[in-house]
Amino acid sequence: MEENLDSYLAKAKALHGDCCAGIVLGTRLSLAALRALGLDPTRHHKNLIVFVEIDRCMTDAVQAITGCTLGHRTLKYVNYGKFGAIFYDLDSKRAVRVTERWGPREHAGEDISAAFRSAPDEELVNIEEVCISLDKKELPGKPDQIEECAQCGELVFDGRSLLKNNKRLCLACAEGPYYTVCPPTNPEKRP
(Lines give C-alpha, C1' and ligand atoms only; values in the text may rest on other atoms or scores of the structure.)
Protein backbone atom coordinates (compact mmCIF):
# COMPACT_ATOMS: atom_id res chain seq x y z
CA MET A 1 0.00 0.00 0.00
CA GLU A 2 2.88 2.39 0.74
CA GLU A 3 3.98 2.57 -2.90
CA ASN A 4 0.41 3.09 -4.11
CA LEU A 5 -0.24 5.62 -1.36
CA ASP A 6 2.73 7.65 -2.59
CA SER A 7 1.29 7.82 -6.11
CA TYR A 8 -2.14 8.88 -4.82
CA LEU A 9 -0.57 11.49 -2.53
CA ALA A 10 1.40 12.84 -5.50
CA LYS A 11 -1.84 13.16 -7.46
CA ALA A 12 -3.52 15.05 -4.60
CA LYS A 13 -0.44 17.22 -4.07
CA ALA A 14 -0.44 18.16 -7.77
CA LEU A 15 -3.96 19.55 -7.42
CA HIS A 16 -3.55 21.14 -3.99
CA GLY A 17 0.00 22.44 -4.17
CA ASP A 18 1.48 20.66 -1.15
CA CYS A 19 1.05 17.47 0.85
CA CYS A 20 -0.24 18.66 4.21
CA ALA A 21 -2.07 16.58 6.82
CA GLY A 22 -5.45 17.31 5.21
CA ILE A 23 -4.25 15.96 1.88
CA VAL A 24 -2.98 12.77 3.52
CA LEU A 25 -6.24 12.34 5.46
CA GLY A 26 -8.43 13.07 2.44
CA THR A 27 -6.46 10.63 0.31
CA ARG A 28 -6.73 7.89 2.93
CA LEU A 29 -10.47 8.52 3.47
CA SER A 30 -11.09 8.45 -0.30
CA LEU A 31 -9.20 5.21 -0.83
CA ALA A 32 -10.99 3.54 2.10
CA ALA A 33 -14.40 4.62 0.78
CA LEU A 34 -13.68 3.41 -2.75
CA ARG A 35 -12.49 0.04 -1.42
CA ALA A 36 -15.65 -0.23 0.73
CA LEU A 37 -17.77 0.31 -2.38
CA GLY A 38 -15.69 -2.15 -4.42
CA LEU A 39 -14.52 0.59 -6.81
CA ASP A 40 -11.06 0.64 -8.35
CA PRO A 41 -9.32 3.91 -7.35
CA THR A 42 -7.20 3.85 -10.53
CA ARG A 43 -10.33 4.29 -12.69
CA HIS A 44 -12.65 7.27 -13.05
CA HIS A 45 -16.19 6.40 -11.99
CA LYS A 46 -18.59 8.76 -13.77
CA ASN A 47 -21.47 7.51 -11.63
CA LEU A 48 -19.82 8.31 -8.31
CA ILE A 49 -21.07 11.30 -6.34
CA VAL A 50 -19.23 12.52 -3.26
CA PHE A 51 -20.63 14.82 -0.60
CA VAL A 52 -17.76 16.49 1.28
CA GLU A 53 -18.47 17.97 4.70
CA ILE A 54 -15.66 20.52 4.94
CA ASP A 55 -14.07 23.19 2.76
CA ARG A 56 -10.48 22.42 3.67
CA CYS A 57 -7.53 20.56 2.14
CA MET A 58 -9.26 17.19 2.49
CA THR A 59 -11.72 18.19 -0.22
CA ASP A 60 -8.94 18.75 -2.76
CA ALA A 61 -7.65 15.24 -2.05
CA VAL A 62 -11.13 13.78 -2.55
CA GLN A 63 -11.39 15.60 -5.88
CA ALA A 64 -7.93 14.47 -7.01
CA ILE A 65 -8.44 10.81 -6.07
CA THR A 66 -12.01 10.41 -7.35
CA GLY A 67 -12.10 12.86 -10.26
CA CYS A 68 -15.39 14.21 -8.88
CA THR A 69 -15.84 17.96 -9.39
CA LEU A 70 -18.40 20.64 -8.66
CA GLY A 71 -18.57 21.46 -12.36
CA HIS A 72 -19.58 17.91 -13.23
CA ARG A 73 -22.05 17.95 -10.34
CA THR A 74 -20.40 14.85 -8.89
CA LEU A 75 -18.82 16.70 -5.96
CA LYS A 76 -21.27 18.24 -3.51
CA TYR A 77 -20.42 20.47 -0.56
CA VAL A 78 -22.37 20.23 2.69
CA ASN A 79 -20.97 22.61 5.33
CA TYR A 80 -20.75 20.44 8.46
CA GLY A 81 -17.17 21.46 9.29
CA LYS A 82 -16.18 17.80 9.64
CA PHE A 83 -13.48 15.69 8.05
CA GLY A 84 -16.08 13.42 6.53
CA ALA A 85 -17.66 12.55 3.22
CA ILE A 86 -20.34 10.35 1.71
CA PHE A 87 -19.37 8.37 -1.40
CA TYR A 88 -22.46 7.34 -3.37
CA ASP A 89 -22.24 4.89 -6.26
CA LEU A 90 -25.21 5.53 -8.54
CA ASP A 91 -24.70 2.17 -10.27
CA SER A 92 -24.98 0.00 -7.17
CA LYS A 93 -27.10 2.52 -5.18
CA ARG A 94 -24.70 1.95 -2.26
CA ALA A 95 -23.27 4.73 -0.15
CA VAL A 96 -20.69 4.89 2.61
CA ARG A 97 -19.82 7.73 4.93
CA VAL A 98 -16.17 7.99 5.93
CA THR A 99 -14.93 10.09 8.83
CA GLU A 100 -11.68 10.55 10.68
CA ARG A 101 -11.15 8.65 13.91
CA TRP A 102 -9.61 10.72 16.67
CA GLY A 103 -6.86 8.26 17.67
CA PRO A 104 -4.06 9.11 15.21
CA ARG A 105 -4.54 12.85 15.70
CA GLU A 106 -4.51 12.46 19.48
CA HIS A 107 -1.19 10.57 19.49
CA ALA A 108 0.50 12.39 16.60
CA GLY A 109 2.37 15.07 18.49
CA GLU A 110 3.92 17.45 16.00
CA ASP A 111 3.72 15.32 12.86
CA ILE A 112 0.05 14.72 12.11
CA SER A 113 0.81 13.96 8.44
CA ALA A 114 3.05 11.06 9.40
CA ALA A 115 0.42 9.73 11.82
CA PHE A 116 -2.27 9.91 9.13
CA ARG A 117 0.07 8.25 6.65
CA SER A 118 1.09 5.32 8.85
CA ALA A 119 -2.07 4.54 10.84
CA PRO A 120 -3.93 1.40 9.76
CA ASP A 121 -7.32 2.08 8.19
CA GLU A 122 -9.17 0.66 11.20
CA GLU A 123 -7.47 3.24 13.46
CA LEU A 124 -7.79 6.19 11.06
CA VAL A 125 -11.08 5.75 9.23
CA ASN A 126 -14.61 5.18 10.41
CA ILE A 127 -16.80 3.72 7.63
CA GLU A 128 -20.54 3.28 7.84
CA GLU A 129 -23.09 2.27 5.23
CA VAL A 130 -25.65 5.02 4.76
CA CYS A 131 -28.81 5.47 2.72
CA ILE A 132 -29.14 8.46 0.47
CA SER A 133 -31.66 9.56 -2.09
CA LEU A 134 -31.11 12.30 -4.59
CA ASP A 135 -33.67 14.46 -6.24
CA LYS A 136 -33.39 14.44 -10.04
CA LYS A 137 -32.21 18.06 -9.92
CA GLU A 138 -29.09 16.96 -7.97
CA LEU A 139 -27.88 14.48 -10.58
CA PRO A 140 -25.12 15.15 -13.11
CA GLY A 141 -26.18 16.11 -16.61
CA LYS A 142 -27.90 18.99 -18.29
CA PRO A 143 -30.24 21.14 -16.20
CA ASP A 144 -33.85 20.10 -16.51
CA GLN A 145 -35.06 23.47 -15.26
CA ILE A 146 -33.88 27.01 -16.02
CA GLU A 147 -35.87 29.99 -14.79
CA GLU A 148 -35.46 33.75 -14.84
CA CYS A 149 -35.62 35.58 -11.53
CA ALA A 150 -38.59 37.97 -11.62
CA GLN A 151 -36.63 40.60 -9.71
CA CYS A 152 -33.02 40.69 -11.00
CA GLY A 153 -33.50 38.87 -14.33
CA GLU A 154 -30.62 36.45 -13.74
CA LEU A 155 -31.02 32.80 -14.70
CA VAL A 156 -31.57 30.21 -11.96
CA PHE A 157 -30.72 26.57 -12.65
CA ASP A 158 -31.92 23.27 -11.24
CA GLY A 159 -34.93 24.40 -9.25
CA ARG A 160 -32.97 26.71 -6.92
CA SER A 161 -35.57 29.49 -7.09
CA LEU A 162 -38.21 30.26 -4.50
CA LEU A 163 -41.81 31.32 -4.91
CA LYS A 164 -42.30 34.52 -2.92
CA ASN A 165 -45.33 36.81 -3.27
CA ASN A 166 -46.36 34.80 -6.34
CA LYS A 167 -43.02 35.52 -8.08
CA ARG A 168 -40.16 33.15 -8.91
CA LEU A 169 -37.05 34.63 -7.30
CA CYS A 170 -33.42 33.60 -7.07
CA LEU A 171 -32.19 32.92 -3.53
CA ALA A 172 -30.29 36.23 -3.44
CA CYS A 173 -33.43 38.24 -4.18
CA ALA A 174 -35.70 36.07 -2.01
CA GLU A 175 -33.46 35.80 1.07
CA GLY A 176 -30.78 38.43 0.60
CA PRO A 177 -27.41 37.99 -1.09
CA TYR A 178 -24.14 36.98 0.57
CA TYR A 179 -22.50 39.96 -1.21
CA THR A 180 -23.04 43.69 -1.68
CA VAL A 181 -22.47 45.58 -4.90
CA CYS A 182 -19.64 48.07 -4.50
CA PRO A 183 -19.93 51.60 -5.83
CA PRO A 184 -17.91 52.25 -9.00
CA THR A 185 -14.27 53.07 -8.28
CA ASN A 186 -14.08 55.62 -11.09
CA PRO A 187 -17.59 56.89 -11.94
CA GLU A 188 -16.38 59.03 -14.88
CA LYS A 189 -15.14 56.00 -16.86
CA ARG A 190 -18.40 54.10 -16.84
CA PRO A 191 -19.29 52.33 -20.09
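Description of the packing of aromatic side chains
Two descriptors summarise a pair of aromatic rings, namely the distance from one centre to the other and the angle between the planes of the rings. Considering all chains together, one arrives at one aromatic pair under this definition. An angle of 85° between the planes, with centres 5.2 Å apart, marks the rings of Y178 and Y179 as edge-to-face. You can call Y178 exposed: its relative accessible area is 81%.

As for the sheet that holds strand β4 (residues 94-100)
Pairing in this open sheet of five strands is mixed, and the strands run β2-β1-β3-β4-β5 from one edge to the other. A strand with exactly one partner marks an edge of an open sheet, and here the two such strands are β2 (75-77) and β5 (125-130). Pairs of neighbouring strands in the sheet enclose a mean axial angle of 20°, with direction left out of account. Where strand β1 (residues 48-52) meets strand β3 (residues 84-89), five bridges bridge the pair, whose relative direction is antiparallel. Counterpart to V50 in the pairing with β3 is F87. Packing of helix α2 (residues 21-36) onto the sheet brings it into contact with β1, β3, β4 and β5, and relative to β4 it is tilted by some 150°.

Some remarks on a nonpolar patch on the surface
A surface patch of nonpolar side chains, amounting to about 300 Å² of accessible area, comprises I146, L155 and F157. Residue placement: L155 occurs in strand β7 (residues 155-157). Among the residues examined, L155 registers a relative accessible area of 55% and is labelled exposed.

Looking at the nonpolar core
Among the nonpolar cores identified, the biggest contains 33 residues, and L48, V50 and F87 are the most heavily contacted of them. For F87, the contacting residues outside a window of four places in its chain are S30, A33, L37, L48, I49, V50, V62, T66, R94, A95, V96 and V98. Counting residues in each nonpolar core, the second largest holds six residues, with I49, I86, Y88 and A95 among its members.

Let's talk about helix α3 (residues 57-66)
In terms of residue burial, α3 counts as a mostly covered element, since seven of its ten residues are buried. Within α3 the residues assigned to the buried category are M58, T59, A61, V62, A64, I65 and T66. Immediately beyond the C-terminal end of α3, within one or two residues, lies G67, with a positive phi of roughly 80°.

Comments concerning the pattern of salt bridges
The full count for this structure, using the stated rule, is ten salt bridges. In this structure, the salt-bridge partner of E138 is K76, at a minimum N-O distance of 3.6 Å. With E138 in the loop between β5 and β6 (146-148) and K76 in strand β2, the pair connects residues that are 62 residues apart, well separated along the chain. The closest approach of N and O atoms between E128 and R97, which form a salt bridge, is 3.5 Å. Highlighted residues: E128 in strand β5 and R97 in strand β4, separated in sequence by 31 residues.

Some words on the pairing of β4
Buried residues dominate β4, accounting for six of its seven residues. By the bridge criterion, six bridges tie β3 to β4 in an arrangement that is antiparallel. Its bridge partner being in β4, G84 is matched across the sheet by T99. In this antiparallel pair of consecutive strands, β3 and β4, the connection spans four residues, and K93 shows a positive phi of 65°. Here β4 runs beside β5; their pairing, made up of six bridges, is antiparallel.

Thresholds, definitions, all that
Residues numbered from 1 in each chain as written. Predicted model: local features only at pLDDT ≥ 70, side-chain atom pairs only at ≥ 80, totals over all residues. Heavy atoms only, no water. Phe/Tyr/Trp six-rings, centres within 6.5 Å; stacked < 30°, edge-to-face > 60°. Buried < 20%, exposed > 50% of the residue type's maximum accessible area, 1.4 Å probe, protein only. Pairing = 2+ DSSP bridges. Helix = DSSP H or I, 4+ residues; strand = E, 2+ residues; numbered from the N terminus. Axes fitted to C-alpha atoms, helices over the stretch in contact; angles between N-to-C directions. Contact = heavy atoms within 4.5 Å. Patch = residues over 30% accessible without salt bridge, like charges linked within 9 Å, V, L, I, M, F, W, Y side chains within 5 Å. Areas by Shrake-Rupley, 256 points an atom, 1.4 Å probe, with all protein chains shown as cover. Salt bridge = Lys/Arg side-chain N within 4 Å of Asp/Glu carboxyl O. Core = buried A, V, L, I, M, F, W, Y, C linked by side-chain atoms within 4.5 Å.

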